[in-house]
Amino acid sequence: GDSVTQMEGPVTLSEEAFLTINCTYTATGYPSLFWYVQYPGEGLQLLLKATKADDKGSNKGFEATYRKETTSFHLEKGSVQVSDSAVYFCALSRSQGAQKLVFGQGTRLTINP
Amino acid sequence: KAGVTQTPRYLIKTRGQQVTLSCSPISGHRSVSWYQQTPGQGLQFLFEYFSETQRNKGNFPGRFSGRQFSNSRSEMNVSTLELGDSALYLCASSAPGTAYNEQFFGPGTRLTVL
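Residues numbered from 1 in each chain as written. Chains lettered and ligands numbered in written order. Predicted model: local features only at pLDDT ≥ 70, side-chain atom pairs only at ≥ 80, totals over all residues. Heavy atoms only, no water.

### Quick look at the pairing of strand β12 (residues 107-112) of chain A
Residue and element names in this part refer to chain A. Every second residue of β12 is oriented toward a common face, the buried set being T107, L109 and I111 and the non-buried set R108, T110 and N112. Two strands pair when backbone bridges link them, and strand β2 (residues 11-14) and β12 are joined in this way by four bridges, in the parallel orientation. Of the residues in β12, the one forming a bridge with V11 is L109. Where strand β10 (residues 86-93) lies against β12, three bridges are found, and the strand directions are antiparallel. Looking across to β12, one finds that Y88 is bridged to T107. (Buried < 20%, exposed > 50% of the residue type's maximum accessible area, 1.4 Å probe, protein only. Helix = DSSP H or I, 4+ residues; strand = E, 2+ residues; numbered from the N terminus. Pairing = 2+ DSSP bridges.)

Here is the structure:
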C-alpha cells in the first residue's frame, strides 16, 4: 500500500541554519505530495504542495521539489527562525476523487535563538 | 471565511462509554474527512464523507462510525470506548472539484479515555 517515510526527529537547529527534512514515498501512479505543519495545540496547516513530477512547491521560505525518479519530496529552508518550531508532516494523496491523505510519522523541529 | 470548527475541543470519557464529535466544514466545502492522531500510530485516516455518503474508509473497527448532514456538517461516533482510543481527532474539509486534494484542518478534539 501507499506509505510515506520521513527522517527521524527530533531535529534541533540554531536560528538562521539551513534546514532539510527528508521525505520519501511509495505509491503507484502519480500522487500529489504535501507538507503540512502543526504548531503546538493546533490542527494541521498546509505548508506547500506539488502535483506532478519536477513541480516545486514553495511557501514562507520553504521549498520542496517532487522527484519522481527518487520518489522524494524533501523539505528545505535556507534560514530558519524560532517561529518555525513545529511538527512537520509529509503526505501524499493518490486519488483526486476521494480525499484521503497518507501521512509520514512527523518530524519535530526546534529552533534555538 | 470561517475555518473548520470542531466541538468539543476536549473530552474525557471512561471505558465502555460512547462519544460523538462534531465538525463544521468551511462554507461551500462538501467533503469532510476524519483522522486520528496518536503518538504511537501518527496520523491515520478514518473516513471521508461527500454529499452525505461515505466515500472512503480507513482500517478502523466498526466501533468508529460517522455521518454527514445535508449542510455538510459531520459527526463521528465511537462506541464502547477503549483506552487506546485516546487521541486527537482531526477533521478536514475540501471544496468540490479541488484538483489537488487540498484539505483544510480544524483544531481537533482531544479525547481522553480513562
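### Here we look at the environment of D55 of chain A
On the secondary structure map, D55 of chain A appears in the loop between β6 (44-50) and β7 (56-59). If we skip the residues at most four places from it in the chain, D55 of chain A touches A50, A64, T65 and Y66 of chain A. (Contact = heavy atoms within 4.5 Å.)

### Some remarks on the sheet that holds strand β9 (residues 75-77) of chain A
Residues and elements named next belong to chain A. Here four strands make up an open sheet; going across it, the order is β3-β9-β8-β7 and the pairing antiparallel. Each edge of the open sheet carries a strand with a single partner, namely β3 (19-21) and β7. Geometrically, the sheet is characterised by an average inter-axis angle of 15° between neighbouring strands, direction not taken into account. In this sheet, β9 lies alongside strand β8 (residues 62-65) in antiparallel orientation, the contact comprising three bridges. Looking across to β9, one finds that A64 is bridged to L75. (Axes fitted to C-alpha atoms, helices over the stretch in contact; angles between N-to-C directions.)

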